Amino acid sequence: MSQSENWSDYWQSESAKGEVFVDKSGNKHPELALFWKQLFHNFQGTDRIIDLASGAGSIFNSVNHQKFSTLYAADISDVALKRLQQDIPHVKVQVGSCSQLTFPDNSFDHVLSQFGIEYSTEEGFYEALRIMDFNGDFNALVHYKEGYIDHRNATELEGIDLLIDGSFIDISINIATAFASKNTATIQTYGQQFASVEPRVHAYCEKHKTGMPAHCYNGCKKLLQGYAKYEHIDVIEWFKNIQQELNQARERLQSMRSVAFSTDRMANMVDSLQEKGATALSAVPFTLAQHNKPVAWIVKFKKEM
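Residues numbered from 1 in each chain as written. Predicted model: local features only at pLDDT ≥ 70, side-chain atom pairs only at ≥ 80, totals over all residues. Heavy atoms only, no water.

A.B. asks: Any details on the packing of aromatic side chains? Residues and values, ideally.
C.D. replies: Within the structure shown, the criterion is met by 16 aromatic pairs. Considering the side-chain rings of Phe125 and Phe138, the 5.9 Å spacing of their centres and the 65° angle between planes classify their relative orientation as edge-to-face. Taken together, the residues span a long stretch of sequence, with Phe125 in helix α4 (residues 121-131) and Phe138 in strand β5 (residues 132-142) at a distance of 13 residues. Considered together, Phe125 and Phe138 belong to a single accessibility category, that of buried residues. Ring pairs connect the aromatic residues Phe40, Phe43, Phe60 and Phe68, which therefore count as one cluster. Over the aromatic face of Phe261 sits the side chain of Arg265, whose NZ or CZ is 3.8 Å from the ring centroid. Over the ring of Tyr126 we find Lys276, and its NZ or CZ is 4.7 Å from the ring centre. (Phe/Tyr/Trp six-rings, centres within 6.5 Å; stacked < 30°, edge-to-face > 60°. Helix = DSSP H or I, 4+ residues; strand = E, 2+ residues; numbered from the N terminus. Buried < 20%, exposed > 50% of the residue type's maximum accessible area, 1.4 Å probe, protein only. Lys NZ or Arg CZ within 6 Å of the ring centre and 35° of its normal.)

Below, the structure is given as structure tokens:
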């Protein structure tokens, strides 16, 4: 599955909020919203503003977007952009990678991104510089290697890998099918397979009680333990759906981890941007008091005559 297909499948989900960093209630973290509100406070209503790798519009939904007449968004997922336009109809959109934008040079006063432009590698940042007008500016929050979000993603991946590599869902399907056939020998065989992988998954979920691995594990247990209360076809459908979700989540999390910028990689990109004409460059950690690891890189630069 391509990156665009994976993200489009994600955005098809009604529950997909597209927020990488959330508070305890699952909503956009207020510190991120404040970051963008403070930035937009300095913008003029007629400024040309674009959000690169926008998703469904987390940045624009954080601010009083009605004050700004010229808003654009670019993203690899047409599904995400349709959701954005449902919320903010006056945003103009472009589907495609941020490394191959079709906008002319010097098209925008402000180029923005939140946990997105890095998916287009360094080329996305170079494109941002190209489409930025002279005296314009770039502001982004970028995934930080070994930071808080990256560490959380690694933990989530550990649980997903346990489930997928241990064939936890396949074994659960086999057990449910054996229940349906009422074949005692088959039930015992697959029960032994389940017992060989379940303790490791259980131990992980005891330590990490939220997230997709725990949701999957608890759902499987509930369906198998209460199998007689459910229709067999519904049980199998749930297993297959959650298996697909696990595979897609693993792809997304692996991708998120791979695009995160280490200190050395960020330093090298800053040097490259300077060579290409960027000025007033800065790349500093975005930290919060309640987390001992940086949440993101704050990357800023300008383009002067």
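A.B. asks: Run through the nonpolar core, naming residues and quoting values.
C.D. replies: Core analysis: the largest hydrophobic core is formed by 33 residues, its most contacted members being Phe168, Ile169, Ala176, Cys216, Phe239 and Leu246. Contributions of two or more residues to this core are made by α5 (148-165), α6 (168-181), α7 (184-207), α8 (212-225) and α9 (232-259). Ranked by residues supplied to this core, first place goes to α9 with 9 residues. Contacts of Ala176, omitting those with residues within four sequence positions, involve Leu224, Tyr227, His232, Val235, Ile236 and Phe239. Residues Ile50, Ile117, Leu129 and Phe301 belong to the second largest nonpolar core, which totals 30 residues. (Core = buried A, V, L, I, M, F, W, Y, C linked by side-chain atoms within 4.5 Å. Contact = heavy atoms within 4.5 Å.)

A.B. asks: An account of the pattern of salt bridges is needed here, citing residue identities and associated values.
C.D. replies: Opposite charge on two side chains lets them pair, provided their charged atoms get close. Here the structure, examined in full by the defined rule, presents 9 salt bridges. Where Arg130 meets Asp105, a salt bridge forms, and the shortest distance between an N and an O atom there is 2.7 Å. Taken as a pair, Arg130 in helix α4 and Asp105 in the loop between β3 (92-95) and β4 (108-114) lie far apart in primary sequence, 25 residues in all. Each member of the salt-bridge network shares a partner with another, and the members are Arg48, Asp109 and Asp133. (Salt bridge = Lys/Arg side-chain N within 4 Å of Asp/Glu carboxyl O.)

A.B. asks: Describe in detail the packing of α7 against α8, supporting the description with residues and values.
C.D. replies: Taken N-terminus to C-terminus, the directions of α7 and α8 make an angle of 135°; their axes are 10 Å apart at the nearest point. Between α7 and α8, the crossing angle belongs to the class labelled oblique. Considering only the axes of α7 and α8, their crossing is left-handed. In contact with Phe194, Glu198, Val201, His202, Tyr204 and Cys205 of α7, α8 contributes Pro213, Ala214, Tyr217 and Leu224. Its residues assigned to classes, the contact of α7 with α8 shows 8 nonpolar, 1 polar and 1 charged. (Axes fitted to C-alpha atoms, helices over the stretch in contact; angles between N-to-C directions. Parallel < 35°, antiparallel > 145°, perpendicular 65-115°, else oblique. Left-handed = near helix turned anticlockwise from the far one by under 90°. Nonpolar A, V, L, I, M, F, W, Y, C, P; charged D, E, K, R; others polar.)

A.B. asks: Talk me through unusual backbone geometry; I want residue IDs and the actual numbers.
C.D. replies: Comment: phi is negative for the bulk of residues other than glycine, and the bulk of peptide bonds are trans. For Ala53, which is not glycine, the phi dihedral falls at a positive 55°. Mapped onto the elements of the fold, Ala53 is located in the loop between β1 (48-52) and β2 (70-75). Phi is positive for Ser167, which is not a glycine, with a value near 55°. In this structure Ser167 comes out as partly exposed when scored by relative accessible area, which is 31%.

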